[in-house]
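So the chains spell out like this:
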Amino acid sequence: RKEVEQDPGPFNVPEGATVAFNCTYSNSASQSFFWYRQDCRKEPKLLMSVYSSGNEDGRFTAQLNRASQYISLLIRDSKLSDSATYLCVVNIDNYGQNFVFGPGTRLSVLP
Amino acid sequence: EAQVTQNPRYLITVTGKKLTVTCSQNMNHEYMSWYRQDPGLGLRQIYYSMNVEVTDKGDVPEGYKVSRKEKRNFPLILESPSPNQTSLYFCASSFRRDRLLVGGYTFGSGTRLTVV
């Protein structure tokens, strides 16, 4: 089983739709969690950290369920500019090789 | 501006010709790392460095070398590049507190390497 798994995608949604991505992780030593956004051929950029209590940043909401070992990202009122690949990243207490990346889920928002 | 700077952005080279991809960060981060990204394989860690003079292998270190003589710089060296090293490379850095990384990664803009 892979350490971090994500919805395979791609997700094709119309503008204005609400879309949710899920991510599961296998290592119970995972300490912190992030969602990154990557545009085609560009570097990944931090979208938001994920906290146990859940957190919201504008149209984006991230949630963490430690018991079930999954993380989610909800995008409301999706825009064309949200089209990208979304990477789930897990920070584990493993000396050196701390960040484990999921394979990513591609989102295309259609006009 | 806080950033990770990689150079060059694009590079085409021939098999066997040694090359170096530079990486520099201005955030005083202890931790630096190199990744390669290939279609269908995601981001794979090549090497990482916990601090100056401390480096270690990631998941795919074969064919690569690194050094960390100064905190801000972490060059990636391909002594004898081969076509299977054609890839998109990213350098990244982060703060470290004890064994954990804090606050996520900052990535460089990437280096697209083609080995013919």
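Residues numbered from 1 in each chain as written. Chains lettered and ligands numbered in written order. Predicted model: local features only at pLDDT ≥ 70, side-chain atom pairs only at ≥ 80, totals over all residues. Heavy atoms only, no water.

Undergrad: I tried to follow the interface of chain B and chain A on my own but got confused; where do I start?
TA: Accessible area lost upon the coming together of the parts serves often as the stated size of an interface. Taken together, the contact pairs 23 residues of chain B with 19 residues of chain A. Buried area between chain B and chain A, summed over both chains or domains, comes out near 1,900 Å², and the portion from carbon and sulfur atoms is 56%. One can count 0 salt bridges joining chain B with chain A. If you look at where chain B meets chain A, you find 2 residue pairs in polar contact (both at pLDDT 80 or more). Sort the elements by how many residues they give to the side of chain B that touches chain A and strand S10 (residues 100-107) of chain B lands first, with 6 residues. A class-by-class count of the residues in the side of chain B that touches chain A yields 11 nonpolar, 8 polar and 4 charged. (Contact = heavy atoms within 4.5 Å. Buried area = accessible area lost by both parts, 1.4 Å probe. Salt bridge = Lys/Arg side-chain N within 4 Å of Asp/Glu carboxyl O. Polar contact = N/O pair within 3.5 Å; in protein donor to acceptor, adjacent residues only side chain to side chain. Helix = DSSP H or I, 4+ residues; strand = E, 2+ residues; numbered from the N terminus. Nonpolar A, V, L, I, M, F, W, Y, C, P; charged D, E, K, R; others polar.)

Undergrad: Help me understand the environment of His29 of chain B in this model?
TA: All names here are of chain B. Here His29 is to be found in the loop between strand S3 (19-25) and strand S4 (31-38). Spatially, the C-alpha atoms of His29 and Asp56 are 17 Å apart, while their sequence positions differ by 27 residues. Not counting residues up to four positions away in its chain, the partners in contact with His29 are Arg68, Lys71, Ser93, Ser94, Phe95 and Thr106.

Undergrad: Help me understand the layout of surface pockets in this model?
TA: The gaps of empty space that remain are located by a probe, the size of a water molecule, rolled over the atoms. Taken as a whole, the largest pocket holds about 1,100 Å³ of empty space. Along the wall of the largest pocket there are 38 residues; nearest its centre are Pro103 of chain A together with Gln37, Leu41, Gly42 and Leu43 of chain B. Across the lining of the largest pocket, the residue classes tally to 16 nonpolar, 13 polar and 9 charged. In this structure, the second largest pocket encloses a volume near 230 Å³. Along the walls of the second largest pocket sit 16 residues, with Gln31, Ser32, Phe33, Phe34 and Tyr51 of chain A positioned nearest its centre. Secondary structure elements with two or more residues in the lining of the second largest pocket: strand S4 (30-38) and strand S5 (45-50) of chain A together with S10 of chain B. (1 Å grid on protein atoms, 1.4 Å probe; cavity = no way out; pocket = protein on both sides within 12 Å on 5 of 7 lines; lining within 4 Å. Points joined across faces, edges and corners; volume = space filled by probe spheres on them.)

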